[in-house]
Amino acid sequence: MNDGEERDMNGFDGRGGADMIVVTGATGNAGSEVVRALTGRGGRVRAFVRDPGRARQVLGEDAELAVGDFADPASVRAALDGADALLLSCADDPRRVGWETAAIDAAVAAGVRRIVKLSAAPAEPGSPVAFWDWHAQVERHLRASGTDWVILRAGWYMSNLLAAASRVAAEGRLYAPAGQAQIAMIDPRDVGAAAAAALSGAGHEGQTYLLTGPRAITYDEVAAGLSAATQSRVEFVDVPGDAAYQAMIADGMPGFVAEQIVAMFAELRQGAAAQVSPAVETLTGSAPRDFASFATDHARLFAPAAAAARR
């Protein structure tokens, strides 16, 4: 009896027990939404986290935690004990390829039956954006691992804009080296729902899904959406890449990360994230949220009142 025959669409197997799903990167923007979506489906979830205190704040007191770090192979093995499926995600770090490929090998050795890799839409070997090259290297290792795999290539997260919320609230300006880039931004909640479906449901093995929002939008449209949501004027200010780099460095961002963000925007301006996909609705049965919904849900962070409250 194969995996698809053994389980129903809610992640319960034919033996009468619920599958255990391990989620790495569980306190991140997307990982936390995966945990919530799986829990909402009635699944058994174990969150692999470095900081249990932060995890309790993000995930709630009832979440099952496995405390560890990708740099500690023993903690990865302990987290995978008894697991049936793994959501693989970690922070953008130069050690990502080594960490994630080792986690794949540990999962296979532990008998994990399905690995879902949370990747990036423009993942490509040799990409000028190191983050995207790293994802592609891990994808290649996963495909050759011998276990059932699913790759979710997520588009540009709407939540990336939250880093600019305080400046938008204070100045009414959204700065980015985005030009007129068309970006099919996605709400992390939709990534979470799609990942939960891929982890729990049958029929996704060996598939690579592109996860995007309902349409590609520009930063001018983002500013217009924030204006409508906050009932205040928000203006998009296009800045050169060099100026954006210097501003990020001045804000304390590591030079390598700032370089990568500038490189990402250069690729975005060339259409790297413009493609729109129906995969979210295919996986979840629901259309992905548009930017207006995201802006409305987070309006208090971008509104002028938020800047006043910080003073």
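This section reports on the structure supplied with the text.

So, on to the environment of Gln-57. As for its placement among the helices and strands, Gln-57 is situated in helix 3 (residues 52-59). We classify Gln-57 as exposed; its relative accessible area is 70%. Each C-alpha atom of the pair Gln-57 and Thr-27 lies 9.2 Å from the other, and the pair is 30 residues apart in sequence.

With that out of the way, let us pick up the pattern of salt bridges. What the rule picks out here adds up to 17 salt bridges. Linking Asp-19 and Arg-113 is a salt bridge whose minimum nitrogen-to-oxygen distance equals 3.2 Å. Taken as a pair, Asp-19 in the loop between helix 1 (3-6) and strand 1 (20-23) and Arg-113 in the loop between helix 5 (96-109) and strand 5 (114-120) lie far apart in primary sequence, 94 residues in all. Look at Asp-19 and you get buried, because its relative accessible area is 4%. With a relative accessible area of 19%, Arg-113 lands in the buried category.

What follows concerns the environment of His-135. Of note, His-135 is situated in helix 6 (residues 130-143). By relative accessible area, which is 6% here, His-135 ends up buried. Separated by 16 residues in the primary sequence, His-135 and Ser-119 have C-alpha atoms spaced 5.8 Å apart. Setting aside residues no more than four positions away along its own chain, His-135 makes contact with Asp-92, Arg-96, Lys-117, Leu-118, Ser-119, Ala-120 and Ala-123. There is a polar contact of 2.9 Å between the side chain of His-135 and the side chain of Lys-117.

Our next topic: the pairing of strand 4 (residues 85-88). Here strand 4 shows a buried face lined by Ala-85 and Leu-87 and a second buried face lined by Leu-86 and Leu-88. Alignment of strand 1 against strand 4, held across three bridges, turns out to be parallel. Following the sheet pairing, Ile-21 is matched in strand 4 by Ala-85. Note on the crossover from strand 4 through helix 5 to strand 5: the handedness is right-handed.

Below, the discussion takes up the packing of aromatic side chains. Both the distance between ring centres and the angle between the ring planes are used here to describe each pair of aromatic rings. Enumeration according to the criterion identifies nine aromatic pairs in this entry. In this structure an aromatic cluster arises from ring pairing among Trp-156, Tyr-219, Phe-236 and Phe-265.

Before going further, it helps to spend a moment on the sheet that holds strand 8 (residues 207-211). The strand order across the open sheet formed by seven strands is 3-2-1-4-5-6-8, and the pairing between neighbours is parallel. Both edges of this open sheet fall to strand 3 (64-67) and strand 8, since each of them pairs with a single strand only. Pairwise comparison of adjacent strand axes, ignoring direction, gives a mean angle of 20° for this sheet. Here strand 5 pairs with strand 6 (residues 148-154) via seven bridges, running parallel. If you follow Ser-119 over to strand 6, its bridge partner there is Arg-153. Strands in contact with helix 2 (residues 29-40) are strand 1, strand 2 (44-49), strand 4 and strand 5; relative to strand 1, the strand with the most contacts, it is inclined by about 165°. Packed on one face of the sheet, helix 5 meets strand 4 and strand 5 and runs near 175° to strand 4.

Attention shifts here to the environment of Gln-207. Its place among the elements puts Gln-207 in strand 8. Residue Gln-207 is classed as partly exposed on the basis of its relative accessible area of 35%. Once the C-alpha coordinates of Gln-207 and Asp-148 are considered, the two residues, 59 residues apart in sequence, prove to be 9.6 Å apart. Residues contacting Gln-207, with those up to four places away along its chain left out, are Trp-149, Val-150 and Ile-151.

Let us look at the side chain of Thr-230. Here Thr-230 shows up in helix 9 (residues 219-230). Overall, Thr-230 belongs to the buried group, its relative accessible area being 12%. Reaching out from Thr-230, the side chain makes a polar contact with the side chain of Ser-232 at a distance of 2.7 Å. Other than its neighbours up to four places away in sequence, Thr-230 contacts Ala-299, Phe-302 and Ala-303.

Our next topic: the packing of helix 6 against helix 11 (residues 255-269). Helices that pack against each other are described as a pair by the angle of their axes relative to one another and the distance between those axes. Two numbers describe how helix 6 lies on helix 11: the axes approach to 8 Å, and their chain directions differ by 85°. The angle between the axes of helix 6 and helix 11 places the two elements in the roughly perpendicular class. Counting all contacts with helix 6, which are made through Ala-130, Phe-131, Trp-132 and Trp-134, the residues of helix 11 involved are Phe-256, Gln-260, Met-264 and Glu-267. For the contact of helix 6 with helix 11, the residue count by class is six nonpolar, one polar and one charged.

Criteria and cut-off values
Every residue gets a number counted from 1 within its own chain, in the order that chain's sequence is written. Totals for whole chains, interfaces and linings use all residues, but because this is a predicted model, local features are given only for residues with pLDDT of at least 70 and pairs of side-chain atoms are given and counted only at 80 or more. Each side-chain value is worked out from all heavy atoms of the structure, with water and hydrogens disregarded. Only runs of H or I of at least four residues qualify as helices and only runs of E of at least two qualify as strands under DSSP, and these elements are numbered from the N terminus. Accessible area is worked out with a 1.4 Å probe on protein chains only. A residue is then buried under 20% of its type maximum, exposed over 50%, and partly exposed in between. A carboxyl oxygen of Asp or Glu within 4 Å of a side-chain nitrogen of Lys or Arg is what we treat as a salt bridge. Here a residue-residue contact requires only that any non-hydrogen atoms of the pair lie within 4.5 Å. Here a polar contact is taken to be a pair of N or O atoms separated by no more than 3.5 Å, where protein atoms must pair a possible hydrogen donor with a possible acceptor and residues adjacent in sequence count only if both atoms sit in side chains. For two strands to count as paired, DSSP must find a minimum of two bridges between them. Seen with its strands pointing away from the viewer, a crossover is right-handed when the path leading from the first strand over the helix to the second is clockwise. Pairing of aromatic rings covers Phe, Tyr and Trp, the last through its six-membered ring, and needs centres within 6.5 Å; plane angles under 30 degrees mean stacked, over 60 mean edge-to-face, and all others mean tilted. Axes here mean lines fitted to C-alpha atoms, for a helix over just the part in contact, with angles spanning 0 to 180 degrees between N-to-C directions. Every angle not falling under 35 degrees, over 145, or within 65 to 115 is termed oblique; those three ranges are roughly parallel, roughly antiparallel and roughly perpendicular. For this scheme, ten residues count as nonpolar: Ala, Val, Leu, Ile, Met, Phe, Trp, Tyr, Cys and Pro. Four count as charged, namely Asp, Glu, Lys and Arg, and the remainder, Gly too, count as polar.

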